[in-house]
Amino acid sequence: MHLDDAPIPGRFRDLFSSEGIVELYPPQNLLVESGAMEGRNTVLSTPTASGKTFAAELLMAGKLSEGKKIVYVVPLKALAYEKYLDFKKYEKLGFKVRIEIGDLDSSRYRNSLDFDVLVSTAEKCDSILRSRPEWFENTGMLVLDEVHLIASDRGPVYEILAAKFRKLFSEMQILALSATIGNPEELSGWLDAELVSSEWRPVELTEKVAVGADKNRKLVELVRDSLVDGGQTLVFVSSRRSAESVAENLGLALGLECGVELEGLGEEILNALTSPTEQCRRLSVCARNGVVFHHAGITGRQRTLIEDAFREGLLKVIAATPTLAAGVNLPSRTVIVRDLTRYGSSGSKYIPVLEYKQQVGRAGRPKYDRVGLAYSIARNESEADFVFEKYVKGEIESIYSVLGVEPVLRCHVLASIASSFTRTGDSLTEFFQSTFFGFQYGIEGFSSLLEKVLDKLEFWGFIRTGMDGLLLPTDLGRRISELYIDPQTAFNYINLMQKAEKEDRFPSLGLLEMLCDSAELPLLYVKKGDEQTLWEEAFQNPGQLLRELDGFELDYGFLERYRTAKLLELWVSEASEEFIYKRFNIPPGMLYRKTSVAEWLAYSASEIARILELKKSAGEMSKMELRLRNGVREELVPLIKIKGIGRIRARRLYNMGYKKPSDLREADIKELASVVGRETARKIKTDA
Ligand SMILES: Nc1ncnc2c1ncn2[C@@H]1O[C@H](COP(=O)(O)OP(=O)(O)OP(=O)(O)O)[C@@H](O)[C@H]1O
Ligand SMILES: [Mg+2]
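Residues numbered from 1 in each chain as written. Chains lettered and ligands numbered in written order. Predicted model: local features only at pLDDT ≥ 70, side-chain atom pairs only at ≥ 80, totals over all residues. Heavy atoms only, no water.

A.B. asks: Now, about the sheet that holds strand β15 (residues 372-378): what can you tell me, with residues and values included?
C.D. replies: The sheet built from six strands is open, its strands ordered β8-β15-β12-β9-β11-β10 with parallel pairing. Each having just a single partner strand, β8 (205-211) and β10 (291-294) make up the two edges of the open sheet. Taking each pair of neighbouring strands and ignoring which way they run, the sheet shows an average axis angle of 20°. The strands touched by helix α9 (residues 240-254) within the sheet are β9 (233-236), β10 and β11 (317-320), with β10 carrying the most contacts at an inclination of about 175°. Each of β8 and β15 touches helix α14 (residues 381-392); the most contacted strand, β8, lies at about 155° to it. (Pairing = 2+ DSSP bridges. Helix = DSSP H or I, 4+ residues; strand = E, 2+ residues; numbered from the N terminus. Axes fitted to C-alpha atoms, helices over the stretch in contact; angles between N-to-C directions. Contact = heavy atoms within 4.5 Å.)

A.B. asks: Got a sec to walk through the sheet that holds strand β3 (residues 97-100)? Specific residues and values, please.
C.D. replies: Two modes of strand pairing occur in sheets, parallel and antiparallel, and in both the strands are linked by backbone hydrogen bonds. Taken in spatial order, the seven strands line up as β3-β4-β2-β5-β6-β1-β7 in an open sheet, and their pairing is parallel. Each end of this open sheet is capped by a strand with a single partner; those strands are β3 and β7 (194-197). Taken over all neighbouring pairs, the strand axes of this sheet differ in orientation by 15° on average, direction set aside. Taken together, the four bridges between strand β1 (residues 42-45) and β7 define a ladder with parallel strand orientation.

A.B. asks: So, the domain arrangement of the protein: which residues are in play, and what are the values?
C.D. replies: You'll often see interface size given as the accessible area lost when the parts meet. The domain boundaries assigned to the protein delineate domain 1 (3-197), domain 2 (205-392), domain 3 (406-474) and domain 4 (487-631). Between domain 1 and domain 2, the C-alpha centre-to-centre distance is 30 Å. For the domain 1 and domain 2 pair, buried surface summed over both sides reaches about 1000 Å², with 56% attributable to carbon and sulfur atoms. Here E82 and R311 are joined by a salt bridge, their closest N and O atoms 3.4 Å apart. Counting across the domain 1 and domain 2 interface gives four residue pairs in polar contact (both at pLDDT 80 or more). Across the side of domain 1 that touches domain 2, the residue classes break down as six nonpolar, three polar and two charged. (Domains from an automatic or database assignment. Buried area = accessible area lost by both parts, 1.4 Å probe. Salt bridge = Lys/Arg side-chain N within 4 Å of Asp/Glu carboxyl O. Polar contact = N/O pair within 3.5 Å; in protein donor to acceptor, adjacent residues only side chain to side chain. Nonpolar A, V, L, I, M, F, W, Y, C, P; charged D, E, K, R; others polar.)

A.B. asks: Talk me through a nonpolar patch on the surface; I want residue IDs and the actual numbers.
C.D. replies: On the surface, a cluster of nonpolar side chains totalling about 300 Å² of accessible area is made up of Y525, L554 and Y556. Within the fold, L554 resides in the loop between α22 (531-540) and α23 (556-571). For L554, a relative accessible area of 34% gives the class partly exposed. (Patch = residues over 30% accessible without salt bridge, like charges linked within 9 Å, V, L, I, M, F, W, Y side chains within 5 Å. Areas by Shrake-Rupley, 256 points an atom, 1.4 Å probe, with all protein chains shown as cover. Buried < 20%, exposed > 50% of the residue type's maximum accessible area, 1.4 Å probe, protein only.)

A.B. asks: How would you summarise the pattern of salt bridges if you had to cite specific residues and measurements?
C.D. replies: Counting across every chain of the model gives 50 salt bridges. The residue E263 makes a salt bridge to R288 at a minimum N-O spacing of 2.7 Å. Taken together, the residues span a long stretch of sequence, with E263 in helix α10 (residues 260-270) and R288 in helix α11 (residues 278-288) at a distance of 25 residues. A salt bridge links K499 to E548; its shortest N-O distance comes to 3.0 Å. Linking K499 in helix α20 (residues 487-503) with E548 in the loop between α22 and α23, this pair joins segments that are 49 residues apart in sequence.

A.B. asks: How would you explain the packing of helix α30 (residues 669-676) against helix α31 (residues 678-687) if you had to name every residue and give the values?
C.D. replies: Contact geometry of α30 with α31 gives a least axis separation of 7 Å together with a crossing angle of 120°. As the angle between them shows, α30 and α31 are arranged oblique. Considering how the two elements wind past one another, α30 and α31 form a crossing that is right-handed. Contact with α30, carried on its side by I669, L672, A673 and V676, involves R678, T680, A681, R682, I684 and K685 of α31 and no other residues of that element. For the contact of α30 with α31, the class distribution of residues is six nonpolar, one polar and three charged. (Parallel < 35°, antiparallel > 145°, perpendicular 65-115°, else oblique. Left-handed = near helix turned anticlockwise from the far one by under 90°.)

A.B. asks: Describe the nonpolar core, with residues and values.
C.D. replies: In this structure, F136, L187, V413, F432, L515 and L628 are the most contacted members of the largest nonpolar core, which totals 114 residues. It is helix α25 (residues 588-611) that contributes the most residues to this core, 10 residues altogether. Apart from the residues within four sequence positions on either side, F432 is in contact with I160, L403, L409, H412, V413, G438, I443, F446 and L450. Counting residues in each nonpolar core, the second largest holds 93 residues, with L59, V97, L205 and Y356 among its members. (Core = buried A, V, L, I, M, F, W, Y, C linked by side-chain atoms within 4.5 Å.)

A.B. asks: A description of the packing of aromatic side chains should follow, citing residues and the corresponding values.
C.D. replies: Overall, the coordinates contain 26 aromatic pairs when judged by the stated rule. Judged by centre distance (4.8 Å) and plane angle (90°), the ring pair of F16 and F54 falls under edge-to-face. Here F16 is found in helix α1 (residues 10-18), whereas its partner F54 is found in helix α3 (residues 52-65), with 38 residues between them in sequence. With centroids separated by 6.2 Å and ring planes inclined at 25°, the aromatic side chains of W535 and F539 adopt a geometry described as stacked. Remark: F539 and W535 occur in helix α22; sequence separation between them is four residues, near one turn of the helix. An aromatic cluster of three or more residues is present, and its members are F12, F16, F54, Y72, F87, Y90 and F95. Sitting over the ring of F115, K69 keeps its end group 4.7 Å from the ring centre. (Phe/Tyr/Trp six-rings, centres within 6.5 Å; stacked < 30°, edge-to-face > 60°. Lys NZ or Arg CZ within 6 Å of the ring centre and 35° of its normal.)

A.B. asks: Talk me through the site of ligand 1; I want residue IDs and the actual numbers.
C.D. replies: Taken together, 21 residues are adjacent to ligand 1, and E23, A49, K52, T53 and R365 come closest. The separation between an oxygen atom of ligand 1 and a polar side-chain atom of T53 is 2.6 Å. Here an oxygen atom of ligand 1 sits 2.8 Å away from a polar atom, N or O, in the side chain of R365. The class makeup of the residues in the shell around ligand 1 is eight nonpolar, seven polar and six charged. In this structure, the shell around ligand 1 is formed jointly by two domains, domain 1 (3-197) and domain 2 (205-392), each of which donates at least three residues. (Near = heavy atom within 4 Å.)

Below you can see the structure in the form of structure tokens.
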């Protein structure tokens, strides 16, 4: 169908046409000819790169012109950002486009959220829905992108979100998108949706299995061939370490020419942090060779630099972990999947076909290339046959709900009681019946687990049963739900904070170890050989901890918490970042992620303490929140609260004798300016 004939309002047609769209793709035709146009819920199951986003936009256009809002949910922040930039074009037509991916504490949502199109991660959207459902009034459509992720550990929030929206706003249309679901019929059944599916892909994707006894040598050969005529290549590997070594090896082996632009990129990557780390240096050298690595350990700034340089064609090759595989558009004519196995807790295992298809799906994107080529590598012919059958020809797995386990349930049960979404046991059961879990498994066998969760929440003091049998949240329970933390985490914190208050002891390491006692904060691993020493160290200094250790049994969970707490403690003792990376053998991105989660947990702990009137704990955790955010010792807390003063400046000012805001108020402006510059010095004096 030509764009001119598409059943959408004229001004949208002009907008799309100015973006270069002429014809609808066949799956888009199918969608506009389906019941979706009349508002039916729809599952769009079509290949990677087949234009599912624009298909959604064809429906969005209709809703927007009726004055309805759109909520577009994605799994990852990076993808949210790509969609947000794409949808900003609607501002030209006077629509408000917003992105929400940050802070999850819904009590901080004071002002209203004014949007026509909202792009959000599932967690953030759920968090808003918990306390401000009215913000979603007049929403005409909910888009669930990459919906196959329902089967991943972050999946339950997707199905909860869909179930809640359906219950609260029965008029809202749901559109679920995915290239990789084995059982789209089942998903459609759950959503009471029409299934629109197609095998059509705008750019033909050829999938091959290359054979080479030495995989890395074969990889070099394949990459070299792929670069002919300006082609660009993405190599997927299973671990961060592999991404780095593959990038370095390819850089050396390919010997690409390094021009001034790559020099510049290398320089920018190196200076992404104030003091570059070993990893920054390696990444910078890689960039100069035209081949970089991309994984969760690089900083956000480096990530943007790399993705932009690859889009511009400056970088030719990226070796990435699969985090880069979801939904993004990159100009990679060729994708090479080097690792079809991944190392997990139960040894090395083949990755699901679904993940393979997502990875190869990054090749041949219509915006950039006219053909797409994907390779995996087998060591010999018989392995090649196996790989071809399993992955190239293989069927994509069905997805199954993972909602029905206690840790997941307790969060969502509390949330739904806390936001008065369900008030009785029956309505709670009915609600879970309406999830994908309920649809797939039924909830007959599920009631005892639900009972157990309710009992626990009541025992912990987060919910209570009213006189007429109604399920009611306590103030504490409501706050925990708003904070978006696991009730178990809250319970762990309450126990230790009560102990601290009673003993009137608040050792930093002990508070940090407490923060680590949560599913939210991923802990550092402890090597076998280090266990005993670490245990002895902890055991010999009981005063530094809040909890008492049982000396007879080596507690592995504790050791991981202890080691992670020690890392956080170095950070809040002003150790240099470089020192921390080396000492714990971690990349910069990981330090940042840990400190920012810990900061959120410290804030949550202080809020919980406040409600329970544990006054000292509340104050201590509040201070710890600031220290974690800024990486400073306690004595700098008063200074760090002032705008324009960070970790380094606060330390210098403190050492010069300015210890509190009032000292700064009276300070000599010239002396201040020598540390922070004139402009800031003036501002600081007023703020202080
Ligand atoms: N009708 C069209 N004409 C020209 N280009 C189009 C059309 N529809 C979509 N595209 C382009 O196709 C590319 C791929 O689209 P999109 O990212 O929506 O794919 P997708 O189906 O969501 O893939 P994935 O499953 O990998 O997320 C985009 O660059 C988009 O601009
Ligand atoms: Mg997509």
